[in-house]
Amino acid sequence: MAEPYVIKMPQLSDTMTEGVLVSWEKQPGERVERGDVVATIETDKAIMDVEVFHAGYLAGPLAVVDSVIPVGGAIGYLLEEPGTAAVAPEKSVPALPAAVPPAASETPVAPAAGQKSAAGAPAGTPIKMPQLTDTMTEGVLVSWEKQPGERIARGDVVATIETDKAIMDVEIFREGFLSGPLMALDSVVPVGEPIAWLVESPEQVRQDTAAAPGGKPVVQAPASPATPLVAAVSPAPPAAGTPAARPQQGAASPYARSLAPTLGVDLNGVAGSGPAGVIVAADVLAASTAAGAGAPVQQRAAEPPVPGEGRPMTAIEKAISHAMTASLSMPTFHVTVKVRPEALMRAAKARKISVTVAIAKAASEALRQHPLVNAAYQPTDRIVERSRHDIGIAATTDDGGLVVPVLRGVEQQDVEGLQGQWTQLVEKARKRRLSPDEYAHPTFTISNMGMYGVEHFDAIVTPGTAAIIAIAANGPEGMPITITADHRVVNGAEAATFLTQLKKVMENPEGWLGGSSAPALPAGDYDVQVLVIGGGPGGEDCARELAENGIKVAMVNNAPFPGGECLWRGCIPSKAWRAAADRIRDRVHDAEMGIQLGTPQLDWAQLEKHRRGILQTRGEMALKTDQGMKVQVLEGFARFTGPHSVEITGKDARALTFAACVIATGAPAFVPPINGVQEALAAGGAVTSDTVWELPEPPQRLCVIGAGAIGMEMAQMFHDFGAEVRVLEALPRPVAEMEQEVADQLMKALAKNSPRLAVQTGVRVQSMAGQRGAMQVHYQDESGDQHYDCDLVLVATGKRPDTGALDLATAGVALGERGAIAVDDRCRSNLPHIYAVGDVIGGYMLAHTAGQQGRVAAANLLGHGARYDAAKDCGVTFTRPQCAFVGISVEQAKAAGMDATEVKVPMSIDAKAMMTGETDGFIKMVADKSSHRIVGVHFLADHADTLVGEAVMMVSAGLTLEQVATAIHPHPTQTELFGEMARRLLSRLRRSARAAG
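Analysis parameters
- Residues numbered from 1 in each chain as written.
- Predicted model: local features only at pLDDT ≥ 70, side-chain atom pairs only at ≥ 80, totals over all residues.
- Heavy atoms only, no water.
- Pairing = 2+ DSSP bridges.
- Helix = DSSP H or I, 4+ residues; strand = E, 2+ residues; numbered from the N terminus.
- Axes fitted to C-alpha atoms, helices over the stretch in contact; angles between N-to-C directions.
- Contact = heavy atoms within 4.5 Å.
- Buried < 20%, exposed > 50% of the residue type's maximum accessible area, 1.4 Å probe, protein only.
- Expected span 1.5 Å × (residues − 1).
- Phe/Tyr/Trp six-rings, centres within 6.5 Å; stacked < 30°, edge-to-face > 60°.
- Lys NZ or Arg CZ within 6 Å of the ring centre and 35° of its normal.
- pLDDT = per-residue confidence, 0-100.
- Salt bridge = Lys/Arg side-chain N within 4 Å of Asp/Glu carboxyl O.
- Core = buried A, V, L, I, M, F, W, Y, C linked by side-chain atoms within 4.5 Å.

In this section: the sheet that holds strand S33 (residues 686-688). One open sheet holds the 5 strands; their spatial order is S33-S40-S34-S35-S36, and the pairing between them is parallel. Every other strand in the sheet has two partners, leaving S33 and strand S36 (757-760) as the edge strands with one partner each. Taking the axes of each pair of neighbouring strands and ignoring which way they run, one obtains an average angle of 20° across the sheet. The sheet contact formed by S33 and strand S40 (residues 792-795) spans 3 bridges and is parallel. In the strand pairing of S40, threonine 688 is matched with valine 795. Relative to the sheet, helix H14 (residues 709-720) contacts strand S34 (701-705), strand S35 (724-728), S36 and S40, its axis offset from that of S35 by approximately 165°.

Here it is as structure tokens:
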């Protein structure tokens, strides 16, 4: 008989050394196919699937659920034929060297109907007190929603409990009949202890009660059932840093080890409640709560005695007490400003929203400019930076308690949407019916006591946030707003400038809250209402949008026809070359499908005639469209002579005054300071992406300096035209703007299908010399000094804004990094009437980005209010296969504080790709685990330029995995892969949720 196939504990992260077996998804004797998920495991990062890539029948000995197993250890076996065991019992121990066996008392016993188990516990499955918050250690039984003997279906609510935050439901995910002994109302029950039982038949039902009301019963822990009952899902704990070391005595689960340093818990002082005393996450959370949130486990200092007979605190009072005690360890300070709120109140009334929501939105506006105030200190010595604004707002309950509902994603929503969310939260908060995701983990907090007439007060910042603002009553000098900030994260200057920005936002709500359709333009007698400098995609889209809305616009362009770099030196001409290169490359695929057309020959003169014809036609079309929309197009160069005036030199020379201005002058190619590069450019031996378009013929040997999007596109195009190409890149990897795996796999694809193209990274170009047809480039790599002889050097080291000719200082416009104009997400400079868009502001230097920013600037000038959101932008690099992205990567999402995950499918499994012989690459989808919202899609695939369109709609519209999974895609097309990825990721998340409880 063939040897059994061993299913081993996989290493699913680079730091993983062991895993905890969470569940078996297949049972012994079941047939397992390649790619099936047989189990789920808890790693040091998450709960993940164990897939097998071998067919057979699952056989034992299987590792026990909750066992801790080292990477590489056996968890089960596969047999060629059905069987019960793959290894004899006496041989099975070495196969599971680190598995922790369950305690004898945890062996499930199947009692007869109506009888107790052998261990003395009631029959059936226990309904346990769930841990519904990350600080909860016990709950108070408030009510029974079902009575003993009632039939329970999956999803039924059987009871309500009071946690340390609110009153919440106990939901059941198993069928049966409710049975005693039931915990009495008002009982205080530790997390994990039974509050009732679920039995299979009415005959097994018991009617007795476990304890008298008002007490804190001591419950005998029952034998663990074979399938534990799971209650509602608790919120995800804070992200962990480096996992803690294993305890000196016993063992700890990887999840517990990753959680311990985040909460400041020493595992050596924690008693484990898991199998055989293993420390699990619940133990770490309990230890953290006992010692004060975020503080190391230690003995709390004794407090002086207080005379009298005290009543027990409610759960919510205890939670507030512990949080306030933890806050005492935070080094905080206070800063106050006084704000005139009248304009904000009028604007809120006009928009039919509450002042509370308006203040929350104003706070979000200020947080955009001061993101550190939205960060938090993480033990030990780490700062968590968060781009999402989850703003908690203190509210009172009907019984006089205090809760803090959280408005999620304030920065992404309009005020009407926030108002709808807040109305629901307040209604639930008054009755203390908030769920964990409605109150847990705010990133910033607001406490408003102004309605009580309080003239001034300080609020207390709690662990997990860096700041809280306290809003007092409006007085003769204004409304005091005091920030309490954690000095470990926010310094005094940052807090002061944040408050100054908040004051400015609240006192000037017209731009972001006003909602007026009137143009937001300065009044005065100007030649034009808006002057647009630059006729590329950003300038043209802005000018057309304004003209369509009746604004008098002049657009200054430095060439006879508009279109900018995109039309004349970038997107359009390069893709005309790319189309020709694709035809040549496609002939290889023709042969694979049995079509013989001969070797393609390039006619350079005809290709150039074709390319130039496209540019001329599109330039003429653009000019006619601009003029037809009543945009005044002026040819020349503009220079500021004041904050509202310019001088234009060139064909249409004149002086011009304007109410507002939009700068869209693009960015030229950046030439690094390489010895000899300027001489080579002057002699024609070197070109840039701006000057490559006048070649009399394609080079036979080409050196490309820079492996970004431009460099890699050009390198592969000239390779396909017949050249030998060498690319030299200073960074460790090419196309650094793309996701890491996309770049890595692109290099593998190029090595396979572009034999005359070599890419070297981590090199330093020292010098170049010669003339066109005889150039020599000297550089250093890890082996030392090297040189490359070539016909031509293409300097493709990116672009950098050059605004020297604009004389921005005369107007008072401020610059940011690398000479780019500094703007906010409304594309507004430091001057409220001057905007800038496109390459001149840095960021993604892409034509569609510039166009969107031009429309954003126009919307704000029209008074509508709009923002550019880089997290929803996209891009395509036209290599073969093509690289593309929409939104953000999983690494970017996690860096922004999002609990994100991803799923990937290779193009090699796609039927359409197999038909066309285009199987290189993959598509990857990124989603938020909690909301299932798709936040990113990344491609390495032929035809990514067309596939990316559907991904753009997913991310920009905030579609969920469920929406994409249920959409009907045509077959056979590559768009099917989107639905397949969404369904696959949903399945994984559901399994993980079930396993985690």
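Turning next to the sheet that holds strand S10 (residues 138-144). Taken in spatial order, the 4 strands line up as S13-S12-S10-S15 in an open sheet, and their pairing is antiparallel. Of all strands in the sheet, those bounded by a partner on one side alone are strand S13 (167-171) and strand S15 (188-190). When strand polarity is set aside, the average angle formed by the axes of neighbouring strands in this sheet is 45°. As paired strands, strand S12 (residues 157-162) and S13 are joined by 5 bridges and run antiparallel to one another. Directly across from alanine 159, in S13, lies its bridge partner valine 170.

We now examine unusual backbone geometry. A negative phi angle is the norm for most residues apart from glycine, just as the trans form is the norm for most peptide bonds. The step from glycine 180 to proline 181 runs through a cis peptide bond, and the omega angle for that step is 5°. Structurally, proline 181 is set in the loop between strand S14 (176-179) and S15. Of note, the bond from arginine 880 into proline 881 is cis; its omega dihedral lies within 30 degrees of zero at -5°. Even without glycine at this site, lysine 630 takes up a positive phi of about 70°. Among the structural elements, lysine 630 can be located in the loop between helix H12 (604-628) and strand S29 (632-635). Relative accessible area serves as the criterion here: at 69%, lysine 630 is assigned to the exposed category.

A few words on helix H11 (residues 571-592). Under the 1.5 Å per step criterion, the end-to-end length of H11 is 31 Å for 22 residues, consistent within 8% with the ideal 32 Å. For H11, the full list of buried residues reads Pro573, Ser574, Ala576, Trp577, Arg578, Ala580, Ala581, Asp582, Ile584, Arg585, His589 and Asp590. Residues of H11 that are buried in the fold lie against helix H10 (564-568), H12, H14, helix H15 (740-753) and helix H19 (911-916). Looking one or two places after H11, you find glycine 594, whose phi comes out positive at around 85°.

Under the defined criterion, the tally for this structure stands at 10 aromatic pairs. A ring pair is formed by phenylalanine 939 and phenylalanine 978, whose centres lie 6.1 Å apart and whose planes are at 80°; its orientation type is edge-to-face. Of this pair, phenylalanine 939 sits in strand S46 (residues 934-941) while phenylalanine 978 sits in helix H22 (residues 976-996), and the two are 39 residues apart along the sequence. The class for phenylalanine 939 is buried, based on a relative accessible area of 0%. The buried category is assigned to phenylalanine 978, whose relative accessible area is 0%. Among the aromatic residues, those joined into a cluster by ring pairs are Trp577, Trp604, Trp693, Phe718 and Phe721. Directly above the ring of tyrosine 377 sits arginine 488, whose terminal nitrogen or CZ lies 3.8 Å from the centroid.

The pairing of strand S37 (residues 764-771) with strand S38 (residues 774-781) spans 7 bridges and is antiparallel. Residue pairing across strands places arginine 764 opposite glutamine 780, the latter belonging to S38. Hairpin geometry of S37 and S38 is characterised by an intervening segment of 2 residues between the two adjacent antiparallel strands and by a positive phi of about 95° at glycine 773.

With 85% of its residues at a pLDDT of 70 or more, the protein has an overall mean of 83. Per-element averaging of pLDDT across the protein places helix H1 (residues 89-92) at the bottom with 42 and S34 at the top with 97. Between residues 89-119, whose pLDDT stays under 50, and residues either more than four places distant or in other chains, the model counts 46 contacts. This stretch, residues 212-241, has a pLDDT under 50; its non-local contacts, to residues over four places away or in other chains, come to 77 contacts.

Once that is clear, we can look at the pattern of salt bridges. Applying the stated criterion across every chain, the model contains 45 salt bridges. Across the salt bridge formed by arginine 585 and aspartate 720, the nearest N and O atoms sit 2.6 Å from each other. With a gap of 135 residues between them, arginine 585 in helix H11 and aspartate 720 in helix H14 connect regions that are remote in the sequence. A relative accessible area of 10% places arginine 585 in the buried class. Overlapping salt bridges bring together Arg578, Asp582, Arg585, Asp586, Asp720, Arg880, Glu918 and Asp942 as one network.

Judged by nonpolar contacts, the single largest core of 52 residues is most densely connected at Phe444, Ile446, Ile469 and Phe498. Considering every element that reaches this core, the biggest residue donor is helix H6 (residues 355-369), with 8 residues. Setting aside residues no more than four positions away along its own chain, isoleucine 469 makes contact with Phe444, Thr445, Ile446, Ser447, Ile481, Thr482, Ile483, Phe498, Leu499 and Leu502. Residues Leu607, Trp693, Val725 and Leu940 belong to the second largest nonpolar core, which totals 36 residues.

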